[in-house]
Amino acid sequence: MTRDFIIVGQGIAGSVLALSLLKAGYSVLVIDEPSLSSCSRVAAGIWNPIVFKRLTRSWLATELVPELTAFYKDASGLFGVELIRERAIIKPFTEQQEKNLWTRKAESDRVFLDPELYHGLKLSAKDTLDDYARVMQAGNLDVKLFLEKTRDYLAQKDSYLCERFNYRDLQYDGEKAFYKHVHPKHVVFCEGHLLSKNPFFDFIPMKPAKGEVLTIRCEGLLLEHDILNKGIFIMPSGNHTYKVGATYDWEDLSDTPTEAAKEMLIRKLKAVISVPFDVIAHEAGVRPAVIDRRPLVGRHPSYDNHHLFNGFGTKAVMLAPFFARQFVEHFKDGKPLHPEVDPRRFYKE
Ligand SMILES: Cc1cc2nc3c(=O)[nH]c(=O)nc-3n(C[C@H](O)[C@H](O)[C@H](O)COP(=O)(O)OP(=O)(O)OC[C@H]3O[C@@H](n4cnc5c(N)ncnc54)[C@H](O)[C@@H]3O)c2cc1C
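Residues numbered from 1 in each chain as written. Predicted model: local features only at pLDDT ≥ 70, side-chain atom pairs only at ≥ 80, totals over all residues.

A few words on the overall build of the protein chain. When you go through the protein chain residue by residue, the secondary structure sums to seven helices and 21 strands. Over its C-alpha atoms the protein chain spans a radius of gyration of 21 Å, differing by no more than 12% from the 20 Å that the globule rule assigns to 349 residues. On the principal axes, the C-alpha backbone points of the protein chain span a range of 70 × 40 × 40 Å. The burial tally for the protein chain puts 40% of its 349 residues in the buried class. Expressed as a percentage of contacts within the protein chain between residues at least 6 apart in sequence, the contacts between residues at least 24 apart total 74%. (Helix = DSSP H or I, 4+ residues; strand = E, 2+ residues; numbered from the N terminus. Rg over C-alpha atoms; globule rule 2.2 N^0.38 Å. Buried ≥ 20, exposed ≤ 12 C-beta atoms within 10 Å, placed from the backbone. Contact = placed C-beta atoms within 7 Å.)

Put into C-alpha cells, the structure is as follows:
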C-alpha cells in the first residue's frame, strides 16, 4: 500500500492536518492509539484571541481566527454537524485600573475588544457580576465530536489504523521509507506530548503541562451562552452542564486526575458562584508545549521525509488550521513555512 503521508496521532493536530491534506488531494494513513494520551479529548476547545494580562492580541490572532472559523465550518459541512459555537468571553473587572486599560486598548482594537463596559450580569439568584467587558470573535470547538467524526470519515476512506506506531518498524529501502506493509512518501508525527518518546526528534526541548478540567451540573447557574473567565473559565455546555478549568502542572505528567486539582477548581468556582453544583466528570491531559512556546511544523534536519506537526501547547484549536494550510502549501507550491515554527531551530550538530 502506498500513501503520500503517514500521520502518527489523531488528536486535534493530526485530525486537522489529515483533513487538510485529503482536501488538497493527497493520500494519507492516520495511525493512532487513543489510549496513549488524552489531551485533545479533555480540551474545552476554546479559542481566545486576547492575552488577558496586557489585553494584547495573542500571537497571529488576526490571521488565525478567520482561518479557524472557515476550517471548522467547512468540517461541519463535511460531517453534517455543528462543530463550533461562536461566543464572547466575559472578562469581569475588580479594579478601576482594569476598566481604564480595557477602554484604552479597545480604542485601538475594535476587532476583538468590545469597547462597551457592561454592568450587572446575573450569574445566579445569589450572584451578580458588577462590571465586565466582552472579548469578541471567540468561541469553542466541540473537540470530542470533531475527533469522532474525523476518525469515522478517515475510516470510511480506508485512511485510519487504530494501533500504536512503533518507531522501530519505520525502515528504509534505499531512499524509500516503509512501515510494515505501507510505503509512505512522508511521515508526519503528531503524537502530542508523547513526542518526547520519538527517537527521531529527541533534540526537541518539550515543556509539557498537565491540565485538569471538571464538568459540573448546576441548575442555578444562569450563564447560557458566553464563556466566563474569572481565574478559571466556566463554559456552558448545554442541559445545565458547564466545563470548568483549567489547571497547570509541569511536574506530574500523567493523565490521571488528582484530588488536589479538583479541590483547587472547586475552590475557585465557589469564589464565583454560591449556588450548589455537582461534579459529573473530572478529566486530565498533558499539553504538548515547547520551551519557546512556539509550534513545531516542518521537517527533520537530516531525514527529509520525517516531519513534525506538533507543539500547539494551550492553543491547538486556534493554531492547527492555519499551520495545516501552510504545511499543505509548502508541499504543493514550495511556499515557506512560518520561520518561528521550524523544528530545526533546536538542532545543534
Ligand atoms: C485541561 C485542558 C484544557 C485545554 N483546553 C484547551 C482549549 O480550551 N483550547 C485549546 O485550543 N486547547 C486546549 N488545551 C490544549 C489542547 O488540548 C492541546 O493543544 C491539543 O490537544 C494538542 O493536540 P495534539 O493533537 O497535538 O496532541 P494529543 O491530543 O495528545 O494527540 C496525540 C495523539 O497521538 C496518539 N499517539 C501518541 N503516540 C502515538 C504512537 N506512538 N502511536 C499511535 N498513536 C500515538 C495519542 O494517543 C493521541 O491520540 C487544553 C488542554 C488541557 C489538558
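A separate point is the site of the ligand. The environment of the ligand is formed by 43 residues, the closest being Gly-9, Gly-11, Ser-40, Gly-192 and Gly-211. Where the shell around the ligand is concerned, the elements lending two or more residues are α1 (12-23), β2 (28-32), α2 (39-42), β15 (209-217), β19 (278-287) and α7 (316-333). Classifying every residue of the shell around the ligand by side-chain character gives 21 nonpolar, 15 polar and seven charged. (Near = placed C-beta within 6 Å. Nonpolar A, V, L, I, M, F, W, Y, C, P; charged D, E, K, R; others polar.)

With that settled, consider the environment of Asp-342. Looking at the element boundaries, Asp-342 is found in the segment after α7. For Asp-342, a count of 19 C-beta atoms within 10 Å translates into the label partly exposed. Each C-alpha atom, one on Asp-342 and one on His-307, is 10.0 Å from the other, the two residues being 35 residues apart in sequence. Leaving out residues up to four positions away in the same chain, Asp-342 has contacts with Gly-298 and Leu-337.

Glancing now at the pairing of β2. Walk down a regular strand and you will see the side chains alternate between the two sheet faces. When you tally the buried positions in β2, you get five out of five residues, the bulk of the element. With burial as the criterion, each face of β2 is covered, one bearing Val-28, Val-30 and Asp-32 and the other bearing Leu-29 and Ile-31. Read as a crossover between parallel neighbours, the route from strand β1 (residues 2-8) over α1 to β2 is right-handed. Of the pairings in the sheet, the one linking β2 to strand β11 (residues 160-162) comprises three bridges and is parallel in character. Directly across from Asp-32, in β11, lies its bridge partner Cys-162. (Right-handed = clockwise from strand over helix to strand, strands pointing away. Pairing = 2+ DSSP bridges.)

This part is about the sheet that holds strand β18 (residues 241-245). Across the sheet, eight strands lie side by side as β8-β9-β7-β16-β17-β18-β15-β19; this open sheet has mixed pairing. Because the sheet does not close on itself, it has two edges, and the strands there are β8 (118-122) and β19. The sheet shows a mean angle of 35 degrees between the axes of neighbouring strands, taken without regard to direction. One ladder, built from four bridges, connects strand β7 (residues 89-92) with strand β9 (residues 128-135); its direction is antiparallel. Residue pairing across strands places Pro-92 opposite Tyr-132, the latter belonging to β9. (Axes fitted to C-alpha atoms, helices over the stretch in contact; angles between N-to-C directions.)

A few words on the environment of Tyr-242. For Tyr-242, the location among the structural elements is in strand β18. Owing to 23 C-beta atoms within 10 Å, Tyr-242 belongs among the buried residues under this scheme. Considered as a pair, Tyr-242 and Val-279 are 37 residues apart in the sequence and their alpha carbons are 9.6 Å apart. For Tyr-242, the residues in contact, after removing those within four places along its chain, are Ile-216, Cys-218, Leu-221, Ile-234, Met-235, Pro-236 and Ser-237.

In terms of strand pairing, strand β16 (residues 227-229) meets strand β17 (residues 233-238) through two bridges, oriented antiparallel. For Leu-228, the partnering residue across the bridge sits in β17 and is Ile-234. In this antiparallel pair of consecutive strands, β16 and β17, the connection spans three residues, and Gly-231 shows a positive phi of 80 degrees. Alignment of β17 against β18, held across five bridges, turns out to be antiparallel. Bridged to Gly-238 within β18 is Thr-241. Here β17 hands over to β18 after two residues, with Asn-239 in that stretch at a positive phi of 50 degrees.

Let us now look at the domain arrangement of the protein chain. It is common to give the size of an interface as the accessible area that goes away when the parts come together. Assigned domains of the protein chain: these are domain 1 (2-44 + 143-206 + 291-346) and domain 2 (88-137 + 209-287). Between domain 1 and domain 2, the C-alpha centre-to-centre distance is 32 Å. A breakdown of the residues in the side of domain 1 that touches domain 2 according to their chemical character gives three nonpolar, five polar and no charged. (Domains from an automatic or database assignment.)

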